[in-house]
Amino acid sequence: MPRSVNAVASRARRKKVMKQAKGYFGRRKNVWTVAKNAVEKAMLYAYRDRRNKKRTFRSLWITRINAGARQHGMSYSQFMGKVKANNIELNRKVLADLAMNHPEAFKAVVDQVK
């Protein structure tokens, strides 16, 4: 009895990976073993960086709030402490947007917590 291999599924799996490797440089785009490794590595980076993106943005928001708060004579930690103490429920994303794009609104928040 001949050996049965599911060539249809194997080919489909390879085609899927080769399609994902489209646009890569050199042998990474057209040699199966190299492309498979490149795509696996790319997927790992994508998974990791979806989590890192959240950290990066939080850091950016903190920097922007700090800059805005220091224009009004407060440090970031003092400002955030007073925001929490006064039960102002604005998150860092919103506060950073106010500090960047609406300085008069941010000043109103600062005046309210002082």
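An unreviewed UniProt entry annotates the chain as Large ribosomal subunit protein bL20 of Maribacter confluentis. Check the Function (unreviewed entry) section of the UniProt entry for the chain; it says "Binds directly to 23S ribosomal RNA and is necessary for the in vitro assembly process of the 50S ribosomal subunit. It is not involved in the protein synthesizing functions of that subunit." UniProt's Sequence similarities (unreviewed entry) comment on the chain is quoted here verbatim: "Belongs to the bacterial ribosomal protein bL20 family."

(A) Expanded view of the overall build of the chain. Helix and strand content of the chain: five helices and zero strands. In sequence order, the secondary structure elements of the chain are arranged as α-α-α-α-α. In terms of C-alpha radius of gyration, the chain reaches 26 Å, well past the compact-globule figure of 13 Å for 114 residues. When the 114 residues of the chain are sorted by exposure, 20% land in the buried category. For the chain, contacts bridging at least 24 residues in sequence account for 42% of all contacts bridging at least 6. In the form shown here, the chain has an accessible surface area of approximately 8900 Å², with 54% of it arising from carbon and sulfur atoms. Averaging the coordinates of the 28 positive side-chain charges in the chain and doing the same for the 6 negative ones gives two points 18 Å apart.

(B) Quick look at the environment of Lys19. Within the secondary structure, Lys19 is located in helix α1 (residues 7–20). In this structure the C-alpha to C-alpha distance between Lys19 and Val39, which are 20 residues apart in sequence, comes to 9.8 Å.

(C) Local environment of a positive patch on the surface. A cluster of basic residues, Arg11, Arg13, Arg14, Lys15, Lys16, Lys19 and Lys22, forms a positive patch at the surface. Note on placement: Arg13 falls in helix α1.

(D) Quick peek at the pattern of salt bridges. All chains considered together, the criterion is met by two salt bridges. Residue Asp111 is joined to Lys107 by a salt bridge in which the shortest nitrogen-to-oxygen separation is 3.2 Å. Here the residue Asp111 and the residue Lys107 both occupy positions in helix α5 (residues 103–113), the gap between them amounting to four residues, near one helical turn.

(E) Spatial organisation of the packing of aromatic side chains. Evaluated as defined, the whole model comprises two aromatic pairs. Aromatic side chains Phe57 and Trp61 sit 6.2 Å apart centroid to centroid with 45° between the ring planes, which places their arrangement in the tilted category. With Phe57 and Trp61 both in helix α2 (residues 32–71) and four residues apart, this pair spans about one turn of that helix. According to the relative accessible area criterion, Trp61 is partly exposed, its value standing at 21%. Their ring planes at 45° and their centres at 5.3 Å tell us that Phe79 and Phe106 sit as a pair that is tilted. Of this pair, Phe79 sits in helix α3 (residues 76–85) while Phe106 sits in helix α5, placing them 27 residues apart in sequence. Residue class for Phe79 comes out buried when judged on its relative accessible area of 0%. Since its relative accessible area comes to 1%, Phe106 is described here as buried.

About the thresholds
Residues numbered from 1 in each chain as written. Predicted model: local features only at pLDDT ≥ 70, side-chain atom pairs only at ≥ 80, totals over all residues. Heavy atoms only, no water. UniProt positions renumbered as here; feature names shortened; annotations may be inferred. Helix = DSSP H or I, 4+ residues; strand = E, 2+ residues; numbered from the N terminus. Rg over C-alpha atoms; globule rule 2.2 N^0.38 Å. Buried < 20%, exposed > 50% of the residue type's maximum accessible area, 1.4 Å probe, protein only. Contact = heavy atoms within 4.5 Å. Areas by Shrake-Rupley, 256 points an atom, 1.4 Å probe, with all protein chains shown as cover. Lys, Arg positive; Asp, Glu negative; His and termini not counted. Charge placed at Lys NZ, Arg CZ, Asp CG, Glu CD. Patch = residues over 30% accessible without salt bridge, like charges linked within 9 Å, V, L, I, M, F, W, Y side chains within 5 Å. Salt bridge = Lys/Arg side-chain N within 4 Å of Asp/Glu carboxyl O. Phe/Tyr/Trp six-rings, centres within 6.5 Å; stacked < 30°, edge-to-face > 60°.

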